[in-house]
Every structure is written in C-alpha cells, then in structure tokens.
Amino acid sequence: MLLMITSFTGDKDDLRRGVSSMRSRFAHMGLDTSELNKILHLCSWMDDQLPMLKRRQGLAAALDHGQPAGHMVHLPEPVILTSAQAQANGKALAKEFNENAGGDAKAAARYHQLALLLAAHKDDPDFCSAFYAGLSPAAATGLPSLLAATGTKTGAEDLKIYSHAFGTAVSALSPAKGFDSVKKSYLVEESKGGNEPGWDRAAMLQYGNFPDEFLEECTRANVLDRLAQGKGSTFSGDATAARTLGLPIDSVALNLQALAHSGQASFVALSQMGDPKAPDLEAHMKLLLDYARQDAATQTALGKVFDVASGVRGHDGPDGKWEADRTTHSAYENLFAYETIRLVGNGDVQNFDGWFKQDMGRLAASYAPEMVTGSYTQNGFGDPDSSMGPPQAAAFKDLPGLKPGFYLSASDTYRFLKTFAGDDSWSDPLDTAMGDLQRRTLTAAAVADRKALDAKSGYAQNFTDAAKAFGGFSRLEYDAMAKVRGDTDKSQETFMENEKRALFLGLELAGEPEVKLLEPVNRKLMWRSGMWWGKEFPLADFFKGPEETEELGENQRIIQESARYSIARPLIDAGWKTTPIPPELRDKDGKLLEFEQFAGDKAKLAKFSAWLGDQNLPTGTDTFHGEEEAASGDLTSTQSDLVASEVDGK
C-alpha cells in the first residue's frame with residue numbers, strides 16, 4: 001500500500017506539472033484552456049485523498065507488524081478519525097495520565113481506566129505516538145513503576161496494553177511531534193533512577209511489537225552494554241514492582257525476554273553488547289551463561305533467546321507434543337546454533353532450570369541433520385573438531401539428502417546431549433526428529449546405492465555410512481541419558497520405568513485405526529527402540545520378579561525386530577529386490593505395514609522375521625540381504641562409547 005501511495009503522489013504531481021506546461025503552450029497558441037481546469041480539479045481531489053490513504057496505510061502497517069509474510073490485514077472501516085484528530089485524542093489521554101498523580105488505590109483504578117481507553121486505539125500509530133509524546137519524561141520511561149507504586153491489582157494486565165501501544169508508537173512511520181525524543185530516551189544508557197534504571201524500560205518492551213533495530217539498541221542501553229563492560233555483577237529492579245507486575249526482578253532476564261521476540265535482534269544485540277564496533281558473539285554468550293547461574297529467570301530467558309536466534313521453529317504434533325518444523329536455516333541462524341551447541345555443552349549447565357533444558361532439546365531437534373554429523377564425522381575421519389565447514393578429508397562426503405549448516409565433533413555432540421538428557425519431555429522433540437530423519441536419510445542412501453549399482457559404477461556404501469552415523473548418534477544419546485539419569489538410584493529407577501512404558505506403547509497402539517495419525521509418535525518409538533537395543537543396560541534389568549520373564553522375552557524380540565525393520569523398510573522403499581511381501585504384512589497399497597501395525601501380533605511378527613530370513617540369497621554387497629545385514633550391525637555400533645568415556649574421564 002505504501003508503494004501505491006508513493007506512486008499515487010508522484011502521478012498526481014506529474015499530472016499537475018503537465019497541465020501547467022500545457023496551459024502555457026495553449027495560451028501561446030491562442031487555444032481555450034478552460035478544459036484543463038477539469039484535470040486540475042482531479043489533482044485537487046487527489047490531494048484531498050492522500051491524508052486518509054496515508055492514515056489507512058499507517059493503521060494497516062501497525063496491524064501487520066510481526067505477522068508472517070502474505071498475512072492479510074483486516075482494517076476496520078470506516079476510518080473516522082483523521083491523523084490530526086487521532087493525535088489530538090492521544091495527547092488528551094496523555095494529559096489525563098499525567099494528572100493522575102495520587103499514587104494510591106484511587107490512582108490505580110484510574111490508571112486501569114486509562115489503559116482500557118488506550119486499548120481501543122492500541123494499534124493506531126497516530127494515537128499511540130501522540131499519547132507517549134504527551135507523557136511527562138518520568139512517565140514515558142518509568143510507567144511500570146508508576147503502576148506498581150499504587151499497589152494495583154490490575155497492573156500486570158494494564159502493562160500489556162501500555163506496552164503494546166508503545167510498540168505501535170515506536171513502529172510508526174510518521175509519529176506525532178515530540179515522540180522522537182521519547183524514543184531516543186530509551187536508547188541512551190541511564191545512570192540515575194531507582195534500583196536498576198534499565199528495568200522500567202525493559203518492562204515496556206515485554207508485550208509490544210518493536211522494530212529489530214530499536215530492540216537491539218534499547219536492550220543494550222538498558223543493561224547489556226554495562227554487563228559486557230563489567231560495570232556491575234547484579235542488575236536488580238525493584239522487588240515490589242517486579243512482584244506486582246509479574247515480571248523477573250533481574251534486568252538482564254527482563255531484557256533477554258524482550259529480545260526473545262526477534263531472532264535477528266537477539267543475534268545483533270548479543271554480538272554487539274558492550275561495543276558495537278567490536279562484536280564478539282562467542283565471548284558474550286559465555287558471559288551470559290555465567291551470569292545466568294545466579295537466577296532461574298535469566299536461565300529461562302536465555303534459553304528462549306538461544307532458540308529464537310537459532311531459528312528454532314515448531315508446532316504441536318498429533319499427540320499434543322512439540323515437534324520441530326523441517327526448515328532451512330539462514331546463515332546467521334546456523335552460526336548462532338553452532339555457537340550455542342558448543343558453548344552450552346561445555347558450559348556446565350546441569351543445574352540450569354528445566355525450561356532452559358527444554359529449549360536446548362528443541363534446538364537439537366531443529367538441527368537434527370547437524371547433530372548427526374557429530375557421529376558421522378568420527379567414522380573414519382578422526383573425529384575432527386567442530387567447524388562451520390566439512391572436515392578437511394579427501395574421502396569425506398555428506399550423507400545423501402543431508403545438507404548440514406555446520407559440522408560437530410562427537411565430543412561436542414555428546415556434551416550438548418547431556419544438557420537435556422535428564423528428562424523424556426526434554427528429549428522427546430529430538431527423538432521424534434531423529435526417527436523421521438533416519439527413515440528419510442536411509443531411504444535416500446539406499447536409492448543412491450541402488451542407482452550406483454544400476455549404473456555399474458560400483459558399490460557406493462552410502463547406506464552403511466548412514467546406518468553407522470545414526471547408530472553412532474543413538475549410542476551417544478543413550479550414553480548421555482545413562483550418565484545424567486544414572487547419578488542416583490531414584491532417578492535411574494524412574495528413568496528405566498519411563499523408557500519401558502515408552503518402548504511398549506506401540507503394543508497398545510497396534511491395530512488401532514488412529515495409528516496412522518500418530519506416525520511421528522511411532523517414528524519416535526522406533527528411534528528409541530533402536531537406541532535401547534543391545535546396550536550395556538539390558539532390558540532384563542528393567543523388570544523385577546520372575547512373573548515378568550515371559551513378557552520380557554516377547555518385548556525383547558519386538559525391539560530386536562523393530563531395529564531390523566528400521567533397516568529393511570528404507571531398502572524396500574528404495575526398490576531393492578526382495579521376494580514378495582507376505583499378504584498379511586501389506587497395506588491396501590501393497591506396501592509393507594508400519595512396524596507398530598503388526599508388532600503386537602505374534603503371528604505377524606514371526607512372519608516378518610521369517611520373511612527377512614528368506615532374503616539371505618543371493619549374497620553379496622549388491623543384494624538386499626547384504627545391505628540389510630551390514631547396516632544392521634552398523635546401527636548398533638558401540639564406537640561412540642569411547643567418546644563418552646573420554647569426555648567423562650572414565
């Protein structure tokens with residue numbers, strides 16, 4: 001719409017200049033110029049339309065801020081107030097705010113009434129910018145404390161309105177007169193005031209949509225520059241205000257919460273804190289990790305910032321649990337995620353709060369291809385250090401279908417896995433992502449190997465390389481879980497019981513019509529089955545009492561066959577030749593059933609095992625049996641145990 005207005009303005013001016021030129025020429029030739037006046041009348045009409053066009057554009061831009069690309073904005077019509085009228089009304093409301101100086105319950109009620117009046121115009125940049133331009137300097141930057149000082153019961157909800165309106169004002173393309181000075185007051189380091197001068201300004205950033213550049217500069221001016229420059233060890237706001245408004249008392253935590261609305265702003269602010277001319281992302285991330293040790297709220301906010309700057313995006317899956325979106329990350333997101341994985345893994349964060357660990361698990365899920373490189377690069381390439389580029393080895397090649405944004409060492413991968421290995425809810429997203437990625441990558445590798453054989457270009461070994469990579473990674477994850485959860489008898493017992501329930505959930509789902517809807521859940525179970533099969537803690541240790549011996553044997557067989565299925569299915573989907581799939585193991589399209597659809601049926605499970613056994617002829621690396629046998633061994637590799645032992649100092 002802004003482009004249309006710009007074009008409209010230019011066309012109007014061109015038309016007016018053209019008429020002026022033609023009038024002179026007509027007069028010089030003695031021609032009647034009266035008809036040209038009609039065109040000038042049209043230009044005047046266009047002049048009259050521009051203010052309301054600009055007004056509508058400003059309102060639409062405010063509503064559109066923070067929305068995804070292609071979002072359709074609904075602008076309520078009719079737009080009655082002109083820009084000047086809206087600004088006059090905003091200024092009048094500011095006057096009422098300034099006059100409400102009682103600081104008592106009566107003042108609290110009035111602040112609430114004023115918030116409700118502002119809420120009706122919270123997306124109007126003219127109204128909001130005039131409102132904040134009209135506030136006293138103390139109110140403009142200290143509004144949260146003014147609310148809290150009255151003992152308000154509605155302060156937390158009122159602040160949401162005032163913050164939202166402030167975001168609208170800051171985002172205005174043509175704000176009211178005087179607002180620019182308010183905006184600038186948020187961007188200078190404040191050295192006077194209450195307990196923590198940057199706390200109030202950070203509170204005002206919590207609920208609005210702000211331009212990235214403003215967020216970057218404001219959070220740095222509030223506290224991040226001082227932290228980076230060593231100008232303090234704690235930055236606490238007023239305890240009463242924090243409690244009243246439901247916000248963290250720590251100013252660093254509060255400013256990080258504001259940054260968590262924007263990945264780009266987080267990246268720039270953390271890089272440039274202290275001195276924008278000397279950016280140092282790694283050093284500042286280390287500094288924030290160290291600072292966060294003293295405060296759980298800072299840990300939570302830091303986890304959110306790390307995720308948003310790394311481009312972590314997700315959705316609720318069919319089972320209601322969070323799943324990572326399959327997405328391509330930008331260069332800055334890849335860099336931030338790379339630094340996060342390395343620094344957090346080496347940062348001794350086991351005592352950080354669960355929200356931080358949950359966010360690290362989500363980051364790992366969002367970067368599943370990069371996490372797999374931590375296992376893949378150790379296989380024949382000497383476990384090189386983590387790097388943004390591939391290992392410098394002549395024989396190195398990426399696995400088919402994977403284009404990682406960076407490459408991890410096995411040791412860095414293991415350290416990071418331990419960050420969130422303490423609870424299934426933290427590792428769930430990664431297990432779901434890995435179950436899906438393993439199937440897709442093994443299938444792509446099987447296709448590549450088959451094509452190489454069809455072209456008579458030799459045995460490419462993509463499939464076994466992929467199996468080894470995923471087998472090594474699952475072992476790293478298992479080792480991390482065993483290390484973190486095995487520290488106490490109680491946690492180990494809980495850990496084992498949870499895993500038993502998760503692994504055997506597939507039995508309960510077998511044959512149910514909703515199984516197909518829960519495909520991501522089943523992929524996660526398949527991944528966990530593979531992770532647990534053949535590990536140092538046999539499943540027999542998970543059960544107590546002889547009455548469960550028979551059940552244990554059945555479940556062990558199911559898990560063993562699920563590991564074989566994980567290898568066989570991609571080969572079948574890639575077109576490797578087998579004998580016909582038994583009818584009872586085929587779906588309506590003739591494809592092999594998902595494992596969970598027959599795992600609970602002893603007869604079908606036996607049929608599957610026997611059918612796989614029938615593929616033992618012919619032999620050789622160019623056969624289904626050769627690929628399946630070699631890759632099955634690689635999928636249960638214990639090579640990663642050496643990495644875990646070395647990192648843990650065993």
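Along each chain, numbering runs from 1 in the same order as the chain's sequence is written. This being a predicted model, a pLDDT of at least 70 is required before a residue's local features are given, and a value of 80 or more before pairs of side-chain atoms are given or counted; all residues contribute to the totals for chains, interfaces and linings. Excluding hydrogens and water, the side-chain figures rest on all heavy atoms present in the structure.

## Some details on the overall build of the protein chain
So, point 1. The secondary structure content of the protein chain amounts to 28 helices and two strands.
So, point 2. By definition, residues are in contact when any of their heavy atoms lie within 4.5 Å. A sequence separation of at least 24 residues applies to 74% of the contacts in the protein chain between residues at least 6 apart.
So, point 3. Of the accessible surface of the protein chain, which amounts to about 29200 Å², a share of 53% is contributed by carbon and sulfur atoms. Under the DSSP-based scheme used, a helix requires at least four consecutive residues in state H or I and a strand at least two consecutive residues in state E, with every element numbered from the N terminus. Per-residue and other accessible areas follow the Shrake-Rupley method at a 1.4 Å probe size, with only the shown protein chains counted as cover for residues.

## Quick word on the environment of Lys 286
So, point 1. With respect to the helices and strands, the residue Lys 286 is situated in helix H14 (residues 281–292).
So, point 2. Among the residues examined, Lys 286 registers a relative accessible area of 42% and is labelled partly exposed.
So, point 3. For the pair formed by Lys 286 and Leu 343, sequence separation is 57 residues and the distance between their alpha carbons is 6.8 Å. Exposure classes here rest on a 1.4 Å probe applied to the protein chains alone. A residue is buried below 20% of its type maximum, exposed above 50%, and partly exposed in between.

## Quick notes on the nonpolar core
So, point 1. Put simply, buried Ala, Val, Leu, Ile, Met, Phe, Trp, Tyr and Cys residues joined by side-chain atoms within 4.5 Å make one nonpolar core. The biggest cluster of nonpolar side chains holds 143 residues, and the ones touching the most others in it are Tyr 132, Tyr 162, Phe 166, Leu 270, Phe 306 and Met 434.
So, point 2. Among the elements that line this core, the one with the most residues is helix H21 (residues 462–485), at ten residues.

## Points about the packing of aromatic side chains
So, point 1. Pairing of aromatic rings covers Phe, Tyr and the six-membered ring of Trp, with a centre-to-centre limit of 6.5 Å; geometry is then stacked below 30 degrees between planes, edge-to-face above 60, and tilted otherwise. Under the definition given, this model contains 27 aromatic pairs.
So, point 2. Centroid distance Tyr 565 to Phe 608: 5.8 Å. Interplanar angle 50°. Geometry classified as tilted. Remark: Phe 608 occurs in helix H26 (residues 602–613) and Tyr 565 occurs in helix H25 (residues 549–573); sequence separation between them is 43 residues. Comparing Tyr 565 with Phe 608 shows no difference in burial state: the two are buried.
So, point 3. Ring pairs connect the aromatic residues Phe 97, Tyr 111, Phe 131, Tyr 132, Tyr 162, Phe 166, Phe 179, Tyr 186, Phe 210 and Phe 214, which therefore count as one cluster.

## Looking at the side chain of Asp 424
So, point 1. Inspection of the secondary structure assignment puts Asp 424 in helix H20 (residues 424–454).
So, point 2. Counting of polar contacts relies on pairs of N or O atoms within 3.5 Å, with two restrictions inside protein: one atom must be capable of donating a hydrogen and the other of accepting it, and residues adjacent in sequence are counted only when both atoms are side-chain atoms. A polar contact is formed between the side chain of Asp 424 and the side chain of Arg 485, at a distance of 2.9 Å.

## Some details on H20
So, point 1. Take the number of residues in a helix, subtract one, and multiply by 1.5 Å to get its expected span. With 31 residues, H20 extends 43 Å between its outermost C-alpha atoms, agreeing within 8% with the 45 Å of an ideal straight helix rising 1.5 Å per residue.
So, point 2. Burial within H20 is extensive, with 22 of its 31 residues counted as buried.
So, point 3. Positive phi shows up at Lys 456, right after H20, with a value of about 55°.

## Notes on the side chain of Thr 441
So, point 1. Mapped onto the fold, Thr 441 is located in helix H20.
So, point 2. With relative accessibility at 2%, the residue Thr 441 sits in the buried group.
So, point 3. Every residue in contact with Thr 441, bar those within four places of it in the chain, is listed here: Leu 399, Pro 400, Leu 402, Ala 466 and Phe 470.

## Focus: the packing of helix H5 (residues 125–134) against helix H7 (residues 155–170)
So, point 1. It is at 8 Å that the axes of H5 and H7 come closest, and there the two elements cross at 105°. Between H5 and H7, the crossing angle belongs to the class labelled roughly perpendicular. Contact with H5, carried on its side by Pro 125, Cys 128, Ser 129, Phe 131 and Tyr 132, involves Tyr 162, Ser 163, Ala 165, Phe 166, Thr 168 and Ala 169 of H7 and no other residues of that element.
So, point 2. Only Asp, Glu, Lys and Arg are considered charged, only Ala, Val, Leu, Ile, Met, Phe, Trp, Tyr, Cys and Pro nonpolar, and every remaining residue, Gly among them, polar. Here the contact of H5 with H7 is built from residues that sort into eight nonpolar, three polar and no charged. Angles shown run from 0 to 180 degrees and are taken between the N-to-C directions of axes, each axis being a line fitted to C-alpha atoms and, for helices, limited to the stretch in contact. Roughly parallel means an angle under 35 degrees; roughly antiparallel means over 145; roughly perpendicular covers 65 to 115; every other angle is labelled oblique.

## Some words on the environment of Leu 476
So, point 1. Locating Leu 476 in the fold gives a position in helix H21.
So, point 2. Sequence separation between Leu 476 and Ala 644 is 168 residues, and the spatial gap between their C-alpha atoms is 7.1 Å.

## Side note on the environment of Gly 311
So, point 1. Take Gly 311: it is sitting in the loop between helix H15 (296–309) and strand S1 (314–316).
So, point 2. When its relative accessible area of 1% is taken as the criterion, Gly 311 is described as buried.
So, point 3. Expressed as a C-alpha distance, the spacing of Gly 311 and Ala 337, which sit 26 residues apart in the sequence, is 8.1 Å.
So, point 4. Not counting the four nearest positions on each side in its chain, Gly 311 is found in contact with His 329 and Glu 333.

## Things to note about the confidence of the model for the protein chain
So, point 1. Confidence along the protein chain averages 83 in pLDDT terms, with 78% of residues attaining 70 or more.
So, point 2. The pLDDT score gives, residue by residue, the confidence of the prediction method on a 0 to 100 scale. Here helix H23 (residues 505–509) stands out as the least confident element of the protein chain, with mean pLDDT 47; H15 is the most confident, with 98.
So, point 3. Low pLDDT (under 50) marks residues 506–518, which in the prediction has 18 contacts with non-local residues, meaning those over four places away or in another chain.
So, point 4. Low confidence marks residues 536–552, where pLDDT is under 50. Its contacts with residues over four positions away, or in another chain, come to 24 contacts.

## Examining a nonpolar patch on the surface
So, point 1. On the surface, Leu 15, Leu 42 and Trp 45 cluster together into a nonpolar patch covering about 280 Å² of accessible area.
So, point 2. For Trp 45, a relative accessible area of 47% gives the class partly exposed. Grouping into patches uses exposed residues only, defined as over 30% relative accessible area, and leaves out salt-bridged ones; the cut-off is 9 Å for like charges and 5 Å for nonpolar side chains (Val, Leu, Ile, Met, Phe, Trp, Tyr). Every case where a carboxyl oxygen of Asp or Glu lies within 4 Å of a side-chain nitrogen of Lys or Arg is listed as a salt bridge.

## Some points on H14
Spacing of three or four residues puts side chains on the same side of an α-helix, whose turn is 3.6 residues.
So, point 1. For H14, built from twelve residues, the straight-helix expectation of 16 Å at 1.5 Å per residue is met to within 8% by its first-to-last C-alpha distance of 16 Å.
So, point 2. Burial in H14 covers these residues: Leu 281, His 284, Met 285, Leu 288, Leu 289, Tyr 291 and Ala 292. Viewed end-on, H14 has its buried residues packed into an arc of 165°, placing them on one side of the element.
So, point 3. Tucked into the core, H14 has its buried residues touching helix H10 (212–228), helix H12 (251–259), helix H13 (263–272), H15, helix H16 (331–345) and helix H17 (354–366). What the arc measures is the spread of directions leading from the helix axis to the C-beta atoms.

## What to know about the pattern of salt bridges
So, point 1. Counted by the stated rule, this structure contains 26 salt bridges.
So, point 2. One salt bridge in this structure joins Arg 475 and Asp 641, with 2.5 Å as the shortest N-O distance. A residue pair is termed long-range when its members are at least 10 positions apart, and Arg 475 in helix H21 and Asp 641 in helix H28 (residues 640–648) qualify at 166 residues.
So, point 3. Of the residues examined, Arg 475 reaches a relative accessible area of 3% and is grouped as buried.
So, point 4. A salt bridge links Asp 589 to Lys 588; the nearest nitrogen and oxygen atoms lie 3.7 Å apart.
So, point 5. Ionic contacts of the salt-bridge type, sharing partners, join the residues Arg 439, Arg 569, Asp 573 and Glu 594 into one network.

## Quick look at the packing of helix H3 (residues 83–99) against helix H4 (residues 105–119)
So, point 1. At a closest axis distance of 10 Å, the pairing of H3 and H4 adopts a crossing angle of 170°. As far as their axial angle goes, H4 and H3 are roughly antiparallel. Contacts from Leu 93, Glu 96 and Phe 97 in H3 reach Arg 110, Tyr 111, Leu 114, Leu 117 and Leu 118 in H4.
So, point 2. Residue composition of the contact of H3 with H4, by class: six nonpolar, no polar and two charged.

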